[in-house]
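One letter stands for each residue in the lines below.
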Amino acid sequence: MAKDYYEILGVSKQAGADEIKRAFRNLARKHHPDVNKETGAADKFKEINEAYQVLSDPHKKQQYDTFGSSGPGAGGFGGFDFNNFEGFGDIFDMFFGGSQPARRRSGGEDGSDLRYDMTITLEDAFSGVEKEIEISHYTNCQTCKGTGSKPGTTPSRCATCGGTGQVRRTQRTPLGAFQQITTCPTCQGAGEQVTSPCSACHGSGRVKASHKVKVKVPAGIDSGYRLRVTSAGDAGRKGGSPGDLYVFIHVKEDHRFERQGADLIYKKTITFTQAALGDEVTIPTLEGQATLRIPAGTQSGSNFRFKGKGMPNLRGRGHGELYVLVEIETPQNLTAEQAELLHKFARLRNE
Ligand SMILES: [Zn+2]
Ligand SMILES: [Zn+2]
């Protein structure tokens, strides 16, 4: 189970940098192994230190707040690797052109990245949301610890490549002979061959399993962004690195608001008497209702701005605006009396 760093330091999630520092100093003084000789003090101190390392670094804190951790039962993988922050790169990689993380080569075959499509509402995008998703992926086989060999047996050297993991192939062409070095097809580069396969995974070292992963979706997100959960993809084979899980975000169309970046547009139809005489109307916002005062003489197509009532800015501070676009409805199906009044109105205005 992942640790709650806020709980360890005894501060709320809203705590500022100063409060976090104060809490850390107080706890560190109390639990420092030089001072505190109780058993477990050193572990406690380590835990406090770890929590502070993350929460005092704005970048790491954001990662932690965004991704939280893999939920209970996630066991097999970290979901969030604190030793590999660099690997995260930019969390908000765009669909295309996002920089690929440098994958450490560790021998064997790396696990595949996985894609998960998540649809959220505009309200979710407005406030930010934490969702638990269930993914099906390959994890290391617990029986053989990913080696693929029956416990108690060891793999033998690969006969095809002699343990090097690579094979040379000579190609004869009219221009001469070329040597090509490729990954050994028998052992996939591991240099070893399983002689007594593990019965749980049939020698592959991996089993399919379902895991629940908590994904923190930051406020202000829009369709076209993806969130990366490091190492939550398929497990690697024969010592390869696990792949990552990419959560692709889709924000559902909202029937009330049109979104343009951080700005929202709401279309409000008013009657022509409201436009001519002025009125107060209720309009929806993503934080409840607001009142729009329509001044007398408002023209069709007028814009009214509600400052800061748009979507949160994904990067940086503040919110976009909410624009109310006013459209005037021309009355239809007039009764004789209404028509007479409008004729009179027109005469009075010399129209
Ligand atoms: Zn196994
Ligand atoms: Zn081989």
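Right above here is the structure, for reference.
Nothing here was measured: the structure is a model prediction, and the numbers come from that model.

Participant: Help me understand the overall build of the protein chain, please; the structure alone is not making it clear to me.
Facilitator: Across its full length, the protein chain holds seven helices and 15 strands. Evaluated residue by residue, the protein chain yields a buried proportion of 38% over its 351 residues. Contacts in the protein chain between residues at least 24 apart in sequence constitute 65% of all its contacts with a sequence separation of at least 6. With the model as given, the accessible surface of the protein chain reaches about 20800 Å², and the carbon-plus-sulfur share is 47%.

Participant: Looking at this model, I keep getting lost on the nonpolar core. Mind explaining?
Facilitator: Generally speaking, nonpolar side chains in soluble globular proteins are found buried as a group. In this structure, I120, V215, V217, I221, I249 and L292 are the most contacted members of the largest nonpolar core, which totals 39 residues. No other element matches strand β9 (residues 245-251), which puts four residues into this core. Ignoring any residue separated from it by four or fewer positions in sequence, one finds I221 in contact with I120, A125, L227, I249, V251, R259 and L314. In terms of nonpolar packing, the next biggest core, distinct from the first, is built from 18 residues, A15, F24, A28 and V54 among them.

Participant: Please explain the sheet that holds strand β1 (residues 114-120) as it appears in this structure.
Facilitator: Sheet strands pair by backbone hydrogen bonding; their relative direction is either parallel or antiparallel. Within the open sheet, the three strands sit side by side as β1-β9-β8. Their pairing is mixed. A strand with exactly one partner marks an edge of an open sheet, and here the two such strands are β1 and β8 (226-229). With strand direction ignored, the average angle separating the axes of adjacent strands in the sheet is 25 degrees. The sheet contact formed by β8 and β9 spans four bridges and is antiparallel. Residue pairing across strands places R226 opposite F248, the latter belonging to β9.

Participant: Before we go on, may I ask you to explain the coordination of the zinc ion (ligand 2) in this structure?
Facilitator: In an ideal octahedron of six donors the angles at the metal are 90 or 180 degrees, and in an ideal tetrahedron of four donors they are 109.5 degrees. Donor atoms from the polypeptide that coordinate the zinc ion (ligand 2) comprise C158 (SG), C161 (SG), C184 (SG) and C187 (SG), at 2.2 to 2.3 Å from the metal. Of note is the zinc ion (ligand 2), whose four donor atoms meet at the metal with angles of 101 to 116 degrees in an arrangement that counts as tetrahedral.

Participant: Help me out: how do you make sense of helix α3 (residues 41-55) in this one?
Facilitator: Each α-helix turn comprises 3.6 residues. Residues three or four places apart therefore point the same way. Across its 15 residues, α3 extends 21 Å between first and last C-alpha, which sits within 8% of the 21 Å expected from 1.5 Å per residue. Residues of α3 that are buried: A41, F45, I48, A51, Y52, V54 and L55.

Participant: What am I meant to see in the sheet that holds strand β15 (residues 322-329) here?
Facilitator: Overall, mixed pairing links the four strands, which are arranged β10-β11-β15-β14 in an open sheet. One side of each edge strand has no neighbouring strand; the edge strands of this open sheet are β10 (257-260) and β14 (303-306). Within the sheet, the average angular offset between the axes of one strand and its neighbour, ignoring direction, is 30 degrees. Judged from the four bridges that link them, β14 and β15 form a sheet pairing that is antiparallel. Its bridge partner being in β15, F304 is matched across the sheet by V324.

Participant: I tried to follow the coordination of the zinc ion (ligand 1) on my own but got confused; where do I start?
Facilitator: The coordination sphere of the zinc ion (ligand 1), as far as protein atoms go, consists of C141 (SG), C144 (SG), C198 (SG) and C201 (SG), spread over 2.3 to 2.4 Å. One can describe the site at the zinc ion (ligand 1) as tetrahedral: its four donor atoms subtend angles covering 104 to 115 degrees at the metal. Of note, the zinc ion (ligand 1) draws all its donor residues from one chain, in the sequence arrangement C-x2-C-x53-C-x2-C. In terms of burial, C198 and C201 fall into one category: buried.

Reading guide: rules and limits
Residues numbered from 1 in each chain as written. Chains lettered and ligands numbered in written order. Predicted model: local features only at pLDDT ≥ 70, side-chain atom pairs only at ≥ 80, totals over all residues. Heavy atoms only, no water. Helix = DSSP H or I, 4+ residues; strand = E, 2+ residues; numbered from the N terminus. Buried < 20%, exposed > 50% of the residue type's maximum accessible area, 1.4 Å probe, protein only. Contact = heavy atoms within 4.5 Å. Areas by Shrake-Rupley, 256 points an atom, 1.4 Å probe, with all protein chains shown as cover. Core = buried A, V, L, I, M, F, W, Y, C linked by side-chain atoms within 4.5 Å. Pairing = 2+ DSSP bridges. Axes fitted to C-alpha atoms, helices over the stretch in contact; angles between N-to-C directions. Donors = N, O, S within 2.8 Å, 3.2 Å for Na, K, Ca; no water. Tetrahedral: all angles 85-135°; square planar, octahedral: opposite > 155°, others 65-115°. Expected span 1.5 Å × (residues − 1).

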